[in-house]
Amino acid sequence: MPITRRALLASTAAAFTASSWPARAAPDWPARIVKTISPYGAGGANDISLRIINDFLERELHQQFIVENKPGAGTRLANEMVAHSQPDGYTFLYAAAPYATAEALFGKLNYQRRDLRPVAMAAFAPIFLIVNAKSDFKTLPDLIAYGKSKPEGLTFGSPGPGSQLHLAAELLFRIAGVKGLNVPLRGDAAAYTELLAGRVDATFTAISSALPHIQAGNFRVLGAGSAQRSAIYPGAPTLVEQGFPQIVATGWYGFMAPAATPAPIIDRLQDAVLRALGDADVKKKLIAQGLEAHGLNGSDFAVFIDAETAKWSRVIEEAGLREN
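Residues numbered from 1 in each chain as written. Predicted model: local features only at pLDDT ≥ 70, side-chain atom pairs only at ≥ 80, totals over all residues. Heavy atoms only, no water.

- As recorded in an unreviewed UniProt entry, the protein chain goes by Tripartite tricarboxylate transporter substrate binding protein and comes from Rhodopseudomonas palustris.
- Under the UniProt heading Sequence similarities (unreviewed entry), the entry covering the protein chain gives this text: "Belongs to the UPF0065 (bug) family." (UniProt positions renumbered as here; feature names shortened; annotations may be inferred.)

## Describing the domain arrangement of the protein chain
Interfaces are often sized by the accessible area lost when the parts come together.
Okay, step 1: Assigned domains of the protein chain: these are domain 1 (34-125 + 250-319) and domain 2 (126-242).
Okay, step 2: Inter-centroid distance (C-alpha atoms) of domain 1 to domain 2 is 26 Å.
Okay, step 3: The interface of domain 1 with domain 2 comprises 17 residues on the first partner and 13 residues on the second.
Okay, step 4: Of the roughly 1,300 Å² buried where domain 1 meets domain 2, counting both sides, 68% is carbon and sulfur surface.
Okay, step 5: Looking at the side of domain 1 facing domain 2, the largest losses of area belong to Thr250, Glu292 and Trp312, adding up to 34% of the total buried there.
Okay, step 6: In this structure, the connection of domain 1 to domain 2 is made through one salt bridge.
Okay, step 7: The salt bridge partner of glutamate 318 is arginine 174, with a shortest N-O separation of 3.7 Å.
Okay, step 8: Joining domain 1 to domain 2, the criterion identifies three residue pairs in polar contact (both at pLDDT 80 or more).
Okay, step 9: Sorting the residues of the side of domain 1 that touches domain 2 by element identifies strand S4 (116-132) and helix H11 (298-319) as the ones contributing at least two each. (Domains from an automatic or database assignment. Contact = heavy atoms within 4.5 Å. Buried area = accessible area lost by both parts, 1.4 Å probe. Salt bridge = Lys/Arg side-chain N within 4 Å of Asp/Glu carboxyl O. Polar contact = N/O pair within 3.5 Å; in protein donor to acceptor, adjacent residues only side chain to side chain. Helix = DSSP H or I, 4+ residues; strand = E, 2+ residues; numbered from the N terminus.)

## Quick notes on the nonpolar core
Okay, step 1: Trp29, Phe255 and Leu269 are the most contacted members of the largest nonpolar core, which totals 32 residues.
Okay, step 2: Of all the secondary structure elements, the ones that give two or more residues to this core are helix H2 (45-61), strand S2 (65-69), strand S3 (91-96), S4, strand S9 (250-258), helix H9 (263-277) and helix H10 (280-288).
Okay, step 3: For this core, the leading source of residues is H9, giving seven residues.
Okay, step 4: Discounting chain neighbours no more than four positions away, the residues touching tryptophan 29 are Val34, Leu61, Phe65, Asp88, Gly89, Tyr90, Phe92, Ile265, Arg268 and Leu269.
Okay, step 5: Counting residues in hydrophobic clusters, the runner-up holds 30 residues, among them Leu171, Phe244, Ala249 and Ile316. (Core = buried A, V, L, I, M, F, W, Y, C linked by side-chain atoms within 4.5 Å. Buried < 20%, exposed > 50% of the residue type's maximum accessible area, 1.4 Å probe, protein only.)

## Digging into the packing of H2 against H10
Okay, step 1: At their nearest, the axes of H2 and H10 sit 10 Å apart, and the two run at 170° to each other. Judged by the angle between their axes, H2 and H10 are roughly antiparallel. Contact with H2, carried on its side by Ser49, Ile52 and Phe56, involves Val282, Lys285 and Leu286 of H10 and no other residues of that element.
Okay, step 2: Looking at the contact of H2 with H10 residue by residue, the classes come out as four nonpolar, one polar and one charged. (Axes fitted to C-alpha atoms, helices over the stretch in contact; angles between N-to-C directions. Parallel < 35°, antiparallel > 145°, perpendicular 65-115°, else oblique. Nonpolar A, V, L, I, M, F, W, Y, C, P; charged D, E, K, R; others polar.)

## What about H2?
Think of an α-helix as turning once every 3.6 residues; residues three or four places apart then point the same way.
Okay, step 1: Look at H2: 24 Å from first C-alpha to last across 17 residues, which is about the 24 Å you get at 1.5 Å a residue.
Okay, step 2: Every buried residue of H2 is listed here: Asn46, Asp47, Ser49, Leu50, Ile52, Ile53, Asn54, Phe56, Leu57 and Leu61.
Okay, step 3: Immediately beyond the C-terminal end of H2, within one or two residues, lies histidine 62, with a positive phi of roughly 55°. (Expected span 1.5 Å × (residues − 1).)

## Considering the packing of aromatic side chains
Okay, step 1: Counted by the stated rule, this structure contains 11 aromatic pairs.
Okay, step 2: Ring centres of phenylalanine 156 and phenylalanine 204 lie 5.9 Å apart, and the angle between their planes is 35°; this geometry places the pair in the tilted category. Here phenylalanine 156 is found in strand S5 (residues 154-158), whereas its partner phenylalanine 204 is found in strand S7 (residues 202-206), with 48 residues between them in sequence.
Okay, step 3: Accessibility expressed as a relative area gives 2% for phenylalanine 204, which makes it buried.
Okay, step 4: Each residue in the set Phe124, Trp252, Phe301 and Phe304 is aromatic and connected to the rest through ring pairs, giving one cluster.
Okay, step 5: Over the face of the ring belonging to tyrosine 90 we find arginine 32, whose NZ or CZ atom lies 3.8 Å from the ring centre. (Phe/Tyr/Trp six-rings, centres within 6.5 Å; stacked < 30°, edge-to-face > 60°. Lys NZ or Arg CZ within 6 Å of the ring centre and 35° of its normal.)

Spelled out as structure tokens, the structure:
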């Protein structure tokens, strides 16, 4: 029996409808374990905050959410892994601030930004400007004036070239009009040692690791890099308050998905994450880790990432930090 054009079109339409139904509706998601990929090793702020939020998601969505740590290449390994994952709603990225600087720093990547779709922003990791408490730097203007008086400018300790803490220092140098030298060090402990010894003038740091030294009277906080005062250490005025509205620098984390992940799945995860960030217990646990819950829906998160990418790309270009 010959196949008519009408029958062929009807058959094609039916096949399309059947194959696209799960993508449009995904009524049973999540039906199995969901992997959330951390671009850092276990035990850090990214990993711990993800586990805190995952605990809520498991209760909310009645399914197990596991963390898979994929550290390396400044978060690029994890980004690439998720960008190339099946867009079936069972692999998500818990992205971090270096996501917005990777292309400017390293040029061609093994993935493109359009390969990943923002789902929901989750948390800020505020950073603070600290100095040796025995130094003459009582305020940010003191530090800047000293830097301007020295031919070589200021010395800042950081975890390494292109790190968020290094970029924050470069932004300060440019906005404040002072020369500066980045001194790459292995982690907070090394930076604190150099600061206490007077071999570097200042550093940006997470308050959670610096707080014991601040309370012991070893360090002085000159300001917070966030746009508003941090709930974690509200006594520190922001750099914005001190006359530098352009110096806003903070770490951040948020959920992203392979770009073709069905919209109903994206929407359901987004809503669950935002509910988690409104939960008092989740907020309390994040604060204890030096993090602030900061929920943004996928659209607003995308706008935020675009703004961060543009800002830090300028800093990276002006500082000549791009790898060749």
